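# Analysis of the macromolecular model
Now for the letters of each chain:
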Amino acid sequence: MSIASIGQIAWVLGIIAWYVIRYPFERRAKRVRVVSDRRSPADIFGLACALLGLAIVPAIYVATGMPAGADYPAQAWAVVVGAAIFFKALWVFRRSHKELGRNWSITLEIRQQHELVSGGPYAFIRHPMYTSFLLMGVGQAFLLSNWFAGAAGLVGFAVLFFLRVDKEERMMLEIFGPRYKAYMERTKRLIPYFY
């Protein structure tokens, strides 16, 4: 088995693990009534870009090898680094879902009895779910030895993040006011102690 194939298998297993983590939280969240829906065309576009970059483009590459012209030689160290980063992404993803509990939503929504979550990874960063997507994109870039498929995850993440994070923070300020403002002052957005 080639190093490139091992990287692809690691990516596929990571995506399966991502879905296994997400599924029960998605089912539980559907049972909690939405009291405010801020979904917009930009929000839907950002989610579509993230899905395209973090799942569809790499899945097409893994399944077909296209675009083969963007391939480069796979390195064992890159696969190891990519797998470690992807594993960390899944850990952050799981912890974020666990902390959010019934407050979680795939789009910009406020659920009944919504609470301000500030424990677990939320004690350090306001958007650990986005941090997990960033880490997935970086892991994907190391795991898939193809410039196009590897970079697609980072591009998809960036589109989602920049279209959505400001709106999300404005929504939280509207709902939680000074409590969220104080929370913003003691945490970073995406990367602990940095940004």
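Everything below is about the structure shown above.
As the structure is a computational prediction, the values presented were derived from the model and not from experiment.

## Thoughts on the packing of helix H2 (residues 41–64) against helix H4 (residues 128–143)
Packed helix pairs are characterised by how far apart their axes lie and by the angle those axes make with each other. The interhelical angle for the contact between H2 and H4, taken along N-to-C directions, is 30 degrees, at an axis separation of 11 Å. By the angle between their directions, the pair H2 and H4 is classed as roughly parallel. The segment H2 lies against H4, with Gly53, Leu54 and Pro58 engaging Phe133, Met136, Gly137 and Gln140. Here the contact of H2 with H4 is composed, by residue class, of 4 nonpolar, 3 polar and no charged.

## Quick word on the pattern of salt bridges
Scanning all chains against the criterion turns up 6 salt bridges. For aspartate 43, the salt bridge identified is with arginine 164, shortest N-O distance 3.3 Å. Pair noted here: aspartate 43 is in helix H2 and arginine 164 is in helix H5 (residues 147–176), with a separation of 121 residues, a long-range link. For aspartate 43, a relative accessible area of 3% corresponds to the buried category. Put simply, glutamate 169 and arginine 189 hold a salt bridge, and the shortest N to O gap is 3.1 Å. Of this pair, glutamate 169 sits in helix H5 while arginine 189 sits in the segment after helix H6 (178–186), placing them 20 residues apart in sequence. The exposure classification of glutamate 169 matches that of arginine 189, with both residues buried. Through salt bridges with shared partners, a single network forms among Arg126, Asp166, Glu169 and Arg189.

## With respect to the side chain of serine 132
Note on placement: serine 132 falls in helix H4. Residue classification places serine 132 among the buried positions, given a relative accessible area of 0%. Aside from chain neighbours lying at most four places away, what touches serine 132 is Ala89, Val92 and Phe93.

## Looking at a nonpolar patch on the surface
Taken together, the side chains of Met1, Ile6, Ile9, Val12, Leu13, Ile16 and Val20 present a nonpolar region at the surface, about 680 Å² in accessible area. In this fold, isoleucine 16 is placed in helix H1 (residues 3–29).

## Some thoughts on unusual backbone geometry
The amide bond that connects methionine 66 to the next residue, proline 67, takes the cis arrangement and shows omega of 5 degrees. Turning to its location among the elements, proline 67 is positioned in the loop between H2 and helix H3 (76–100). The phi torsion at tyrosine 193 lies on the positive side, around 65 degrees, for a residue other than glycine. Of note, tyrosine 193 is situated in the segment after H6. Classification of tyrosine 193 by relative accessible area gives exposed; the value is 70%.

## Here we look at the packing of H1 against H2
H2 packs onto H1 with a crossing angle of 145 degrees between their chain directions and a minimal axis gap of 11 Å. Considering the relative orientation of H1 and H2, their crossing is left-handed. For the pair H1 and H2, contact is made by Gln8, Trp11, Val12 and Ile15 and by Leu54, Ala55, Pro58, Ala59, Tyr61 and Val62, respectively.

## A look at the layout of surface pockets
Of the volumes computed, that of the largest pocket is approximately 810 Å³. Residue lining of the largest pocket: 38 residues in total, with Trp104, Ser105, Ile106, Met129 and Arg164 positioned closest to the centre. Elements with a minimum of two residues in the lining of the largest pocket: H1, H2, H4, H5 and H6. Quantified by volume, the second largest pocket comes out at close to 230 Å³. Residue lining of the second largest pocket: 13 residues in total, with Lys88, Val92, Ile125, Thr131 and Pro192 positioned closest to the centre. Put simply, the parts of the chain that give the lining of the second largest pocket at least two residues each are H3 and H4. Residues belonging to the lining of the second largest pocket are distributed by class as follows: 10 nonpolar, 2 polar and 1 charged.

Definitions and cut-offs
Residues numbered from 1 in each chain as written. Predicted model: local features only at pLDDT ≥ 70, side-chain atom pairs only at ≥ 80, totals over all residues. Heavy atoms only, no water. Axes fitted to C-alpha atoms, helices over the stretch in contact; angles between N-to-C directions. Helix = DSSP H or I, 4+ residues; strand = E, 2+ residues; numbered from the N terminus. Parallel < 35°, antiparallel > 145°, perpendicular 65-115°, else oblique. Contact = heavy atoms within 4.5 Å. Nonpolar A, V, L, I, M, F, W, Y, C, P; charged D, E, K, R; others polar. Salt bridge = Lys/Arg side-chain N within 4 Å of Asp/Glu carboxyl O. Buried < 20%, exposed > 50% of the residue type's maximum accessible area, 1.4 Å probe, protein only. Patch = residues over 30% accessible without salt bridge, like charges linked within 9 Å, V, L, I, M, F, W, Y side chains within 5 Å. Areas by Shrake-Rupley, 256 points an atom, 1.4 Å probe, with all protein chains shown as cover. Left-handed = near helix turned anticlockwise from the far one by under 90°. 1 Å grid on protein atoms, 1.4 Å probe; cavity = no way out; pocket = protein on both sides within 12 Å on 5 of 7 lines; lining within 4 Å. Points joined across faces, edges and corners; volume = space filled by probe spheres on them.

Spatial relationships are all this shows, so hold off on functional conclusions.
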